[in-house]
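Given next are the chains, with one letter for each unit.
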Amino acid sequence: MEEDEIAGYVTAYLKKKGFTQTEKIFQEEFQTNKTNSSPLEPDIAKHILSFSQLESGPARFHDGYSRLRSWTHCSLDLYKHELLRVLYPVFIHCFMDLVAKGHVQEARHFFNTFREDHEMMHLRDLQKLEGVLSPTHLEEMEFAHSLRQSKFNIKICEYSYELLLQHLHSTQSTTILGIINEHINFQVTPGQPSSIVDDPEAVTLSGSSQDAANQINQKEIHWGLLEDSLEERLEKASSLLSDSEKGEGEAKEGETEENKKRPVEGGKQGASIKKVKKDKGGSATGKNTKAEVNTVSAAPRVKPELPMPIIPSEVEQSILEDLRNRVQLSSVALPSVSFYTFLNTHNGLSCSSISHDGSLVAGGFSDSSLKVWDMAKLGEQTASSLSQDENDTSQNPQMGQSGGGKRQYTLFQGHSGPVYAASFSPVGEFILSSSADSTIRLWSTTYNANLVCYKGHNYPVWDVQFSPVGHYFASSSHDRTARIWSMERIQPLRIMAGHLSDVDCVQWHANCNYIATGSSDKTVRLWDVQSGECVRVFVGHRSMILSLAMSPDGRYMASGGEDGTIMMWDLSSGRCLTPLIGHTSCVWSLAFSCEGSVLASGSADCSVKLWDVNTSTKVSRAEEKSGNASRLRSLKTLPTKSTPVYALRFSRRNLLFAGGALAKNG
């Protein structure tokens with residue numbers, strides 16, 4: 001492959017994704033190093049070629065199917081009859097996808113080239129499909145329309161299934177993998193392949209592409225909050241407090257009436273009136289707090305499936321104090337936002353995380369380091385030191401540096417690859433990090449030391465998240481699995497396998513009985529942590545899923561994709577309530593407010609958007625068709641100057657924290 005051709009593919013990809021600054025730098029470096037550059041390594045050239053084929057035209061369908069066909073016919077006889085079952089569904093959907101995209105001539109050539117392989121078993125079906133000559137025929141012809149809406153169920157043994165996935169990933173056949181994921185449901189059986197070659201039940205149609213997901217979604221789940229949670233304790237305390245305040249208020253009102261009747265001095269009377277007004281203001285705040293608690297308390301109560309850690313009394317009191325002072329948010333009362341900007345990162349920042357109270361901010365870097373900033377120390381800087389920072393051109397990524405040159409962050413070193421995710425424990429005394437070195441590390445922010453290195457994944461770990469109660473955490477990896485861990489064990493407690501591609505993000509349910517995973521196979525799955533079983537499959541995204549968030553009551557879930565689309569899901573039914581459309585690039589972070597009325601989203605398009613959850617979950621079909629629904633659901637857009645948003649976090653008092661690295665232009 002010529003270097004100019006490779007450069008063209010890379011430039012086209014960067015331009016499509018909107019990485020204008022990276023594209024400019026790449027072109028400058030390419031022109032500078034063109035004369036002295038060494039030949040590109042074959043493996044790198046192969047990967048670039050696969051991406052170019054993915055972005056290219058109809059040739060990718062012909063080439064992908066041809067490779068799959070050749071590999072299948074050359075496989076071992078023991079597994080060949082099972083693998084051959086995959087060819088026909090892939091063949092007809094490649095053909096229909098080409099027609100749907102308007103490549104009619106290429107579709108006819110593809111159809112005529114490979115139809116002989118399937119004429120013996122599917123002659124009548126091929127004769128019907130032969131009449132599909134335009135995209136409108138796919139909708140008008142009942143048979144073609146039903147095929148596109150249906151899903152094939154294929155029986156296959158576990159080893160054949162693994163062989164197929166390994167082939168698709170090793171050949172970078174992303175187009176064929178996408179077709180298989182969307183239109184084929186594998187019924188994987190343990191042991192050796194079936195001895196019946198012509199099993200009539202080996203390949204069946206499920207009647208709808210959603211049937212397989214719907215079958216899983218029939219399982220019962222309990223989405224409520226945990227029994228005896230802190231929110232429930234606060235509700236009980238608030239009800240007792242409101243009763244006592246009500247009695248005090250009646251007594252004070254009686255005293256006020258008596259004071260009005262007495263001949264008193266104007267100054268004292270004014271003071272008395274002021275006091276009454278102040279008390280009324282305080283009681284109003286109490287009412288708001290009670291109303292907010294009732295919003296969350298409407299959720300049912302469930303028992304934990306995992307042993308819950310004991311919360312120290314001082315920590316519990318601190319959390320309850322935050323909950324009592326929480327600000328009530330709504331569509332007319334939006335949150336305040338505190339944005340942390342990383343400066344001078346030199347494109348080295350891979351991830352960011354913010355503690356629950358916003359006092360600690362972490363950044364994971366491509367040089368395998370994890371750095372944690374203490375906001376209290378940064379706040380002690382003088383105006384002169386801040387002015388010095390703005391003109392600083394050192395290579396150390398920083399949010400600030402003291403005048404004496406002492407760094408204001410804590411450096412954690414131990415990983416041997418880029419750090420892709422970081423997560424603070426609920427109290428902030430621990431932080432987890434995951435890396436390309438396939439490990440997860442637990443660090444102490446109190447002692448500034450590495451405590452444990454967890455090994456279990458075989459490939460890079462893309463995400464790691466502490467559970468809402470701490471102690472337990474979940475991870476997701478390139479090995480297509482998610483795993484549940486506890487801090488006290490170096491081996492995972494559960495392994496969740498079922499995705500057909502990378503598991504890019506993971507999120508805990510509010511009651512800790514479930515975790516959700518988002519994957520490059522364009523699906524989101526919900527897993528039971530006790531059994532490790534998949535209990536929900538959410539299908540609807542058109543790109544890989546990069547972020548997830550659970551509502552505080554555990555009823556809804558939001559997922560963000562690479563194409564900028566956000567989807568709101570009902571966990572009970574497994575259905576998409578509504579897509580939230582507004583971002584123009586990848587959605588990297590999502591967060592619900594503490595009472596669940598507002599959803600915040602952070603994107604690579606350098607903006608934070610606030611969405612009305614109540615409107616989003618109660619939209620009519622007429623609004624959906626008219627296109628006004630999305631505009632109504634978007635409450636506000638908060639653009640940054642030039643900072644993609646890496647992380648979002650609502651504090652327990654409903655202050656929104658956000659973080660990202662400044663991307664310099666020009």
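Because the structure is a prediction, the values reported are computed rather than measured.

The secondary structure content of the protein amounts to 21 helices and 32 strands. Here the protein, with 666 residues, has 47% of them falling under the buried criterion. In the protein, of all internal contacts separated by at least 6 residues, the share reaching a separation of at least 24 is 58%. Summed over all atoms, the accessible surface of the protein reaches about 32,800 Å², with 51% contributed by carbon and sulfur.

What follows covers the environment of D357. For D357, the location among the structural elements is in the loop between β7 (349–354) and β8 (360–365). A C-alpha to C-alpha distance of 8.9 Å links D357 and F657, two positions 300 residues apart in sequence. Here the side chain of D357 touches S355 through a polar contact of 2.9 Å, side chain to side chain. Here S359 takes part through its side chain, which lies 2.7 Å from a polar atom of the side chain of D357.

With that settled, the discussion passes to the UniProt feature "repeat: WD" (unreviewed entry) in the protein. Following the UniProt record, one finds the feature "repeat: WD" (unreviewed entry) at residues 412–444, 454–495, 496–537, 538–579 and 580–621. For the annotated span residues 412–444, helix accounts for 0% and strand for 61% of the residues, and the straight-line distance between the end C-alpha atoms is 10 Å.

Read from one edge to the other, the open sheet built from four strands follows the order β19-β20-β21-β22, with strand pairing classed as antiparallel. Whereas interior strands pair on both sides, the edge strands pair on one side only; in this sheet they are β19 (503–508) and β22 (534–539). Each adjacent strand pair in this sheet contributes to an overall mean axis angle of 20°, direction not counted. Of the strand pairs in this sheet, strand β20 (residues 514–519) and strand β21 (residues 523–528) are connected by five bridges, and their pairing is antiparallel. Looking at β21, one finds that A516 is bridged to L526.

This part is about the packing of helix α4 (residues 59–73) against helix α12 (residues 174–183). Put simply, α4 and α12 touch, their axes get as near as 8 Å, and they point 80° apart. What the angle tells us is that α4 and α12 run roughly perpendicular. Only T175, I176 and I179 of α12 make contact with α4, whose side of the interface consists of R60, F61, G64, Y65 and L68. Looking at the contact of α4 with α12 residue by residue, the classes come out as five nonpolar, two polar and one charged.

If you walk across this open sheet you meet the four strands as β27-β28-β29-β30, and the pairing is antiparallel. Two strands bound the open sheet, and with one partner strand each, they are β27 (587–592) and β30 (634–639). Geometrically, the sheet is characterised by an average inter-axis angle of 15° between neighbouring strands, direction not taken into account. Taken together, the five bridges between strand β29 (residues 607–612) and β30 define a ladder with antiparallel strand orientation. Across the sheet, residue K609 finds its bridge partner in β30, namely T637.

Its place among the elements puts S547 in strand β23 (residues 545–550). The class for S547 is buried, based on a relative accessible area of 4%. Polar contacts involving the side chain of S547 include one to the main-chain carbonyl oxygen of V587, which spans 3.0 Å. Residues in contact with S547, not counting those within four places in the same chain, are C505, A558, S559, G560, V587, W588, S589 and L590.

The next point concerns the pattern of salt bridges. A full pass over the atoms with the stated rule returns nine salt bridges. A salt bridge links E119 to R115; the shortest N-O distance between them is 2.9 Å. A residue is classified by how much of its surface remains accessible, and E119, at 29% relative accessible area, is partly exposed. Of the charged contacts, one joins E533 and K219 as a salt bridge, the two residues approaching to 2.6 Å between their closest N and O atoms. Residue E533 is found in the loop between β21 and β22, and its partner K219 is found in the loop between α13 (211–216) and β4 (225–226); the two are separated by 314 residues along the sequence. For E533, a relative accessible area of 38% translates into the label partly exposed. A relative accessible area of 28% places K219 in the partly exposed class. Through salt bridges with shared partners, a single network forms among R115, E119 and E130.

Calculation criteria
Residues numbered from 1 in each chain as written. Predicted model: local features only at pLDDT ≥ 70, side-chain atom pairs only at ≥ 80, totals over all residues. Heavy atoms only, no water. Helix = DSSP H or I, 4+ residues; strand = E, 2+ residues; numbered from the N terminus. Buried < 20%, exposed > 50% of the residue type's maximum accessible area, 1.4 Å probe, protein only. Contact = heavy atoms within 4.5 Å. Areas by Shrake-Rupley, 256 points an atom, 1.4 Å probe, with all protein chains shown as cover. Polar contact = N/O pair within 3.5 Å; in protein donor to acceptor, adjacent residues only side chain to side chain. UniProt positions renumbered as here; feature names shortened; annotations may be inferred. Pairing = 2+ DSSP bridges. Axes fitted to C-alpha atoms, helices over the stretch in contact; angles between N-to-C directions. Parallel < 35°, antiparallel > 145°, perpendicular 65-115°, else oblique. Nonpolar A, V, L, I, M, F, W, Y, C, P; charged D, E, K, R; others polar. Salt bridge = Lys/Arg side-chain N within 4 Å of Asp/Glu carboxyl O.

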